[in-house]
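Coordinate inspection notes
The residues making up each chain are set out below.
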Amino acid sequence: MCDGDNLSNYRSTVDLPSESDIVIIGSGFAGSSCAYYLYKNADLTKNPLKITMIEARETCSGATGRNGGHLKPDVYYSYKRYSNKYGQQIAETLMEFEAKQIDAMSKLVSEENIECDWTVTRACDAYIEPEIAAEAKASYEQRCADGGNVSDIHEIPPGDYLSMIRVKNVLYGVTFTGASIHPYKLVHHLLNKCVEKGMNLQTNTCVSSATRLPSGEWSIVTSRGTLKASKVIFATNAYTAGIVPVLNDKIVPIPGTVCRIIPSINYMLSPLEMTYSIRSNGHNFDYMIPRQVGDRSIILGGAKRTYMYNRKIFHNNCDDSMEFINEKSKMYLEEFMPKHFHNWGNDQNGCKQMWTGILGFTSDLLPFVGELPDQSNGYVIVGFNGQGMPRILLCARALADLVLGRIDKIEELIPEPYIITKNRLETKENYLLDRMAIQSDLTHTS
C-alpha cells in the first residue's frame with residue numbers, strides 16, 4: 001500500500017483514460033467512500049470495473065481534508081423542524097440515520113484496520129443564549145413526546161454544567177454518543193485500497209463540463225482531455241453547480257474557519273474528553289474536538305457569527321486559500337477557550353494554526369443524493385451543509401448499490417428527503433438565506 005502522501009499528486013497513468021465504466025469526480029470522503037463500496041460490492045463474476053476518479057487539485061484537498069473530523073449526529077436539534085415539514089416518521093428516520101453512522105464507521109475502521117485516530121466518545125451540545133436553548137429543549141421534548149428513540153440522549157442537570165462539561169454560562173446542555181476521526185487519513189486509506197484494486201486516480205485535473213450524450217453515456221471534459229463514461233458520480237459538494245447546472249443556486253459554497261489549539265497547562269493536566277458544540281443564535285455554533293492522541297491539541301471550527309452577516313464574504317465564496325476569513329474571526333477563535341471554558345488559565349499557547357475550507361450548503365439544509373432527474377446514469381452525493389461526517393458513509397454505500405444495480409430505489413436505504421427530485425429542485429425555499437437575514441439583524445443589534 002502506498003504512503004498516503006504519495007497519493008497527493010498521484011496519477012495512475014500518464015494520460016487520462018479515454019473511457020471508463022464509472023467516473024467519480026471528487027476525491028474527498030464522498031468520492032472515496034463511493035469508490036470503496038463500488039469495489040466491495042461489485043459482482044466479481046463479471047469483468048472488473050473500470051473506475052476513474054478525477055480530482056481538480058491534490059487528493060483530499062477540499063473540505064474533507066480541512067474539517068475537524070467531528071462525527072456528531074443530529075439526534076434531536078432539528079427534530080421539531082423536520083417533524084413540522086415531513087411528519088413524525090420521517091423526522092425520526094432522519095435522526096436515526098445520522099446516529100447509525102457511528103456504528104457503520106466503527107465497523108469500517110475495524111474491518112479495514114484503518115489508522116485514522118477513530119475515537120467514540122460522548123458529544124456535548126452546550127447552549128449559551130436563551131432563544132436557541134429554548135428551541136433545542138423544545139425539539140428534544142417533542143421527540144420524547146412522539147415516542148422517538150432518545151435513550152442515548154442525556155440532559156445535563158443545570159447544577160452540573162461546570163463540573164461535567166466545564167463550559168461557562170450554559171443555559172441548557174445535553175450529551176449523546178459522538179465520535180472523532182482524522183478524515184485525511186481515512187480517505188487516503190480508502191483510496192489506496194481502491195488504487196490497488198485497479199482504480200485510475202487522476203489528480204490536478206479540473207472538470208469543466210459533464211454532458212449526457214444521446215447514447216446514454218457521459219462526456220467528461222477536463223483540463224487534460226475528454227473521456228467517456230457509462231456512468232458518472234458527482235462527489236463535488238460545494239463546487240457541484242459549476243458542472244451540474246440544475247443545481248445552480250441549490251448548492252452554495254460557504255467558507256468555514258478551523259484552528260488547532262494547544263491546551264493550557266490546566267487542561268493539559270486534566271484534558272477534555274468529550275467533543276463539543278457551543279451553540280449561540282440561529283444556525284451559529286462552534287465545534288471542538290479534543291484530540292485524545294499525540295499533543296492532545298484541540299481542533300476548533302466555527303466563528304461564523306463574525307462574518308455570516310456579510311453576504312460578500314459568506315455567500316457563494318469558493319476561496320479556501322485564506323488562513324482565516326477576517327480579523328474578527330481570527331480574534332474570535334483566539335479568545336474562544338478562555339472565554340467559554342472554566343479555569344482555562346492565562347497560557348499564551350493559543351492557536352498554532354488556522355485554515356479555511358469550503359462547505360456546500362443547500363437551500364433546505366439537506367444533501368442531494370441519487371440519480372439526476374431526466375439525466376440517467378448521472379448521480380450526485382453532494383451538499384452536506386457542514387454535516388457530512390455523520391451523513392456521507394451510509395449515503396455512499398447506498399449510492400454505490402444504486403449505481404451497481406443492486407437496488408432499484410435508493411429510498412430503501414437513505415431518508416427520503418435526501419433524494420434529489422424535481423420537486424426539490426423546483427422549490428423556492430431557501431432556509432440558509434432566511435437564517436442569514438436573521439443573523440444580520442442579530443449581529444447589528446447586539
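Residues numbered from 1 in each chain as written. Predicted model: local features only at pLDDT ≥ 70, side-chain atom pairs only at ≥ 80, totals over all residues. Heavy atoms only, no water.

1. Some details on the environment of Cys206
- Examined against the element boundaries, Cys206 turns out to sit in the loop between β7 (200–202) and β8 (207–212).
- Note on Cys206: relative accessible area 41%, which makes it partly exposed.
- On a C-alpha basis, the gap between Cys206 and Ile156 in space is 49 Å, while along the polypeptide they are 50 residues apart.
- Apart from the residues within four sequence positions on either side, Cys206 is in contact with Ala56, Val221, Thr222 and Ser223. (Helix = DSSP H or I, 4+ residues; strand = E, 2+ residues; numbered from the N terminus. Buried < 20%, exposed > 50% of the residue type's maximum accessible area, 1.4 Å probe, protein only. Contact = heavy atoms within 4.5 Å.)

2. A short note on helix α7 (residues 183–196)
- A rise of 1.5 Å per residue sets the reference length of α7, with its 14 residues, at 20 Å; its end C-alpha atoms lie 20 Å apart and thus fit the reference within 8%.
- Judged by how many residues are buried, α7 sits mostly within the fold: 10 of 14 residues are covered.
- Among the structural elements, α1 (29–41), β2 (51–54), α2 (63–66), α4 (88–112) and β7 are those in contact with the buried residues of α7.
- Once α7 finishes, Gly198 follows within two positions and takes phi at roughly 115 degrees, a positive value. (Expected span 1.5 Å × (residues − 1).)

3. So, the environment of Ser363
- Turning to its location among the elements, Ser363 is positioned in the loop between β15 (351–362) and β16 (368–371).
- C-alpha of Ser363 to C-alpha of Gly383: the two residues are 20 residues apart in sequence and 9.4 Å apart in space.

4. Comments concerning the layout of surface pockets
- Of the volumes computed, that of the second largest pocket is approximately 420 Å³.
- Residue lining of the second largest pocket: 20 residues in total, with Ala42, Asp43, Asn47, Pro48 and Leu49 positioned closest to the centre.
- Broken down by secondary-structure element, the contributors of at least two residues to the lining of the second largest pocket are β1 (19–25), α1 and β2.
- In the lining of the second largest pocket, the residues fall into 8 nonpolar, 6 polar and 6 charged. (1 Å grid on protein atoms, 1.4 Å probe; cavity = no way out; pocket = protein on both sides within 12 Å on 5 of 7 lines; lining within 4 Å. Points joined across faces, edges and corners; volume = space filled by probe spheres on them. Nonpolar A, V, L, I, M, F, W, Y, C, P; charged D, E, K, R; others polar.)

5. What about the packing of aromatic side chains?
- Counting across every chain of the model gives 12 aromatic pairs.
- Ring geometry for Tyr36 against Tyr37: centres 5.0 Å apart, planes inclined by 75 degrees, an arrangement best described as edge-to-face.
- When its relative accessible area of 4% is taken as the criterion, Tyr36 is described as buried.
- Consider the rings of Tyr127 and Tyr172, whose centres lie 5.9 Å apart with planes at 35 degrees: the pair is tilted. In this pair, Tyr127 is assigned in strand β4 (residues 119–127) and Tyr172 in strand β6 (residues 172–180), connecting sequence segments 45 residues apart. (Phe/Tyr/Trp six-rings, centres within 6.5 Å; stacked < 30°, edge-to-face > 60°.)

6. Some remarks on a positive patch on the surface
- A grouping of Lys40, Lys100, Lys107, Lys197 and Arg397 is seen on the molecular surface, where their side chains present a positively charged patch.
- By the element assignment, Lys100 lies in helix α4.
- For Lys100, a relative accessible area of 46% corresponds to the partly exposed category. (Patch = residues over 30% accessible without salt bridge, like charges linked within 9 Å, V, L, I, M, F, W, Y side chains within 5 Å. Areas by Shrake-Rupley, 256 points an atom, 1.4 Å probe, with all protein chains shown as cover. Salt bridge = Lys/Arg side-chain N within 4 Å of Asp/Glu carboxyl O. Lys, Arg positive; Asp, Glu negative; His and termini not counted. Charge placed at Lys NZ, Arg CZ, Asp CG, Glu CD.)

7. Some details on empty space enclosed by the protein
- Scanning the model with the defined rule gives 3 cavities of 30 Å³ or more in all.
- Forming the boundary of the largest cavity are Pro263, Tyr267, Met268, Pro271, Leu272, Pro290, Arg291, Arg296 and Ile298.
- Here the residues of the lining of the largest cavity are counted per class, giving 7 nonpolar, no polar and 2 charged.

8. A closer look at the domain arrangement of the protein
- Assigned domains of the protein: these are domain 1 (19–65 + 184–247 + 365–426) and domain 2 (251–362).
- Each of domain 1 and domain 2 has a C-alpha centre, and the two are 30 Å apart.
- Between domain 1 and domain 2, the residue contacts involve 17 residues of the former and 10 residues of the latter.
- When the area that domain 1 buries against domain 2 is broken down by residue, the three leading residues are Ala238, Tyr239 and Asn385, summing to 41%.
- In this structure, Arg57 and Asp320 form a salt bridge, with 2.8 Å as the shortest nitrogen-oxygen distance.
- For the pair domain 1 and domain 2, the number of links is 7 residue pairs in polar contact (both at pLDDT 80 or more).
- Residues belonging to the side of domain 1 that touches domain 2 are distributed by class as follows: 10 nonpolar, 6 polar and 1 charged. (Domains from an automatic or database assignment. Buried area = accessible area lost by both parts, 1.4 Å probe. Polar contact = N/O pair within 3.5 Å; in protein donor to acceptor, adjacent residues only side chain to side chain.)

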